[in-house]
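# Structural features, examined
Spelled out from the first residue to the last, the chains are:
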Amino acid sequence: MLDGGVFGADGAAVALAQHRGDRVVQAAPATVRRDDMPPTPGAWLFGGWLQRHFGHFMLYGLGRLWALEALRGELAGVVFLRLPDGAPRGPAHSPLRVPAMRETLALLGLGAELPCRIVEAPERFARLAVPRQVIFGAGAPAEENAAFLATLRRLAAVPRVPDGLLLPRLYVSRRRLAPTLGGLLFEDLIEANLMAEGYAVIHPERLPIAGQVAAADRALGRAAGD
């Protein structure tokens, strides 16, 4: 858990901004005096903490963006903080430059339509909305994952994918990845047997982000009784 990063007018850490994840980092409040830091105008959404690892981005980095659905018309943009990931600081190494992350955020209307950026120095905001963090992934119940994916689809207007991917059961395969990226023994046989049992098999690296979201949303939605 990151214990700070967003601080209220009284100087105390905002509890809702704490990062729920696999790290513990102590964040001290900024020492810059408020009088020396004019507020950035407008209403902004705190999107949470980002790092360049795409798995962590999917698990943690999307967990506050459900609030876009209610606040989009009021917002000047979305701001993130940088989660330590071993990469150098600065715009050239920003997680927002990772193509898959940029594509995912663009599906939600972030980028050209609604600016998003990483705050890397102390900054005040006239208004900053801090939503509750939802952790999306294997640890969440199927119905919560389905509801979250459905929210992403409403925000993104994700296009349909081929009917063959819209089966009630889905297997995400690593078979086509390079051997150095890991995989399962005899995964070709695993795929063949699961397909015979009515599973759709996808290789996510060969699908656009929109297609991955649509396929997972359909499978999880049916699993949850949608």
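Residues numbered from 1 in each chain as written. Predicted model: local features only at pLDDT ≥ 70, side-chain atom pairs only at ≥ 80, totals over all residues. Heavy atoms only, no water.

Ranked by size, the top nonpolar core spans 22 residues in total, and within it L65, L68, V78, F80, L105 and L110 carry the most contacts. The contact partners of F80, leaving out residues within four places of it in the chain, are G47, G48, L50, G61, L65, L105, C116, R117, I118 and V119. Judged by nonpolar contacts, the second largest core, of 11 residues, contains F46, W49, L83 and F125. (Core = buried A, V, L, I, M, F, W, Y, C linked by side-chain atoms within 4.5 Å. Buried < 20%, exposed > 50% of the residue type's maximum accessible area, 1.4 Å probe, protein only. Contact = heavy atoms within 4.5 Å.)

On to the packing of aromatic side chains, then. A full pass over the atoms with the stated rule returns 2 aromatic pairs. Between the aromatic rings of W44 and F125, the centroid separation amounts to 5.8 Å while the plane-to-plane angle is 55°, which identifies the pairing as tilted. Linking W44 in strand 1 (residues 40-50) with F125 in strand 4 (residues 125-129), this pair joins segments that are 81 residues apart in sequence. Comparing W44 with F125 shows no difference in burial state: the two are buried. The interplanar angle of 35° and the centroid separation of 5.7 Å between the aromatic rings of F54 and F57 together place this pair among those described as tilted. One end of the pair is F54 and the other is F57, both in helix 1 (residues 54-61) and 3 residues apart, which spans about a single turn. According to the relative accessible area criterion, F54 is partly exposed, its value standing at 27%. In this arrangement the basic side chain of R117 is found over the ring face of W44, its NZ or CZ atom lying 5.3 Å from the centre. (Phe/Tyr/Trp six-rings, centres within 6.5 Å; stacked < 30°, edge-to-face > 60°. Helix = DSSP H or I, 4+ residues; strand = E, 2+ residues; numbered from the N terminus. Lys NZ or Arg CZ within 6 Å of the ring centre and 35° of its normal.)

Quick look at helix 1 now. Where helix 1 is concerned, the buried positions are F57, Y60 and G61. An end-on view of helix 1 places all buried positions within 100° of arc, on one side of the element. The secondary structure elements touched by the buried residues of helix 1 are strand 1, strand 2 (75-82) and helix 3 (99-107). (Arc of directions from axis to C-beta.)

A full pass over the atoms with the stated rule returns 2 cavities of 30 Å³ or more. Forming the boundary of the second largest cavity are W49, L50, Q51, H56, F57, Y60, G61 and L83. Every element with two or more residues in the lining of the second largest cavity is listed here: strand 1 and helix 1. With 4 residues, helix 1 is the single largest residue contributor to the lining of the second largest cavity. Per-class residue counts for the lining of the second largest cavity are 5 nonpolar, 3 polar and no charged. (1 Å grid on protein atoms, 1.4 Å probe; cavity = no way out; pocket = protein on both sides within 12 Å on 5 of 7 lines; lining within 4 Å. Points joined across faces, edges and corners; volume = space filled by probe spheres on them. Nonpolar A, V, L, I, M, F, W, Y, C, P; charged D, E, K, R; others polar.)

Once that is clear, we can look at the sheet that holds strand 1. Ordered in space as 3-2-1-4, the 4 strands form an open sheet in which the pairing is parallel. Unpaired on one side and paired on the other, strand 3 (116-118) and strand 4 mark the two borders of the sheet. Across the sheet, the mean angle from the axis of one strand to that of its neighbour is 35°, orientation sign disregarded. (Pairing = 2+ DSSP bridges. Axes fitted to C-alpha atoms, helices over the stretch in contact; angles between N-to-C directions.)

Structurally, F80 can be placed in strand 2. Taking relative accessible area as the criterion, F80 reaches 0% and is therefore assigned buried. Residues F80 and G47 lie 33 residues apart in sequence; the distance between their C-alpha atoms is 5.1 Å.

Another aspect to go through is the pairing of strand 1. Where burial is concerned, most of strand 1 is hidden: 9 out of the 11 residues are buried. Two elements, strand 1 and strand 4, share 4 bridges in a ladder whose sense is parallel. Bridge assignment links T40 to a residue of strand 4, and that residue is F125. Note: strand 1 against strand 2, 7 bridges, orientation parallel. Each bridged residue has a counterpart across the sheet, and for L50 the counterpart in strand 2 is R82.

So, about the pattern of salt bridges. The full count for this structure, using the stated rule, is 3 salt bridges. The closest approach of N and O atoms between R127 and E74, which form a salt bridge, is 3.9 Å. With R127 in strand 4 and E74 in the loop between helix 2 (68-71) and strand 2, the pair connects residues that are 53 residues apart, well separated along the chain. R175 is the partner of E191 in a salt bridge, and the nearest nitrogen-oxygen pair spans 3.0 Å. With a gap of 16 residues between them, E191 in helix 5 (residues 187-196) and R175 in the loop between strand 5 (169-172) and helix 5 connect regions that are remote in the sequence. Judged by relative accessible area, which is 35%, R175 ranks as partly exposed. (Salt bridge = Lys/Arg side-chain N within 4 Å of Asp/Glu carboxyl O.)

Geometry only, nothing functional implied.
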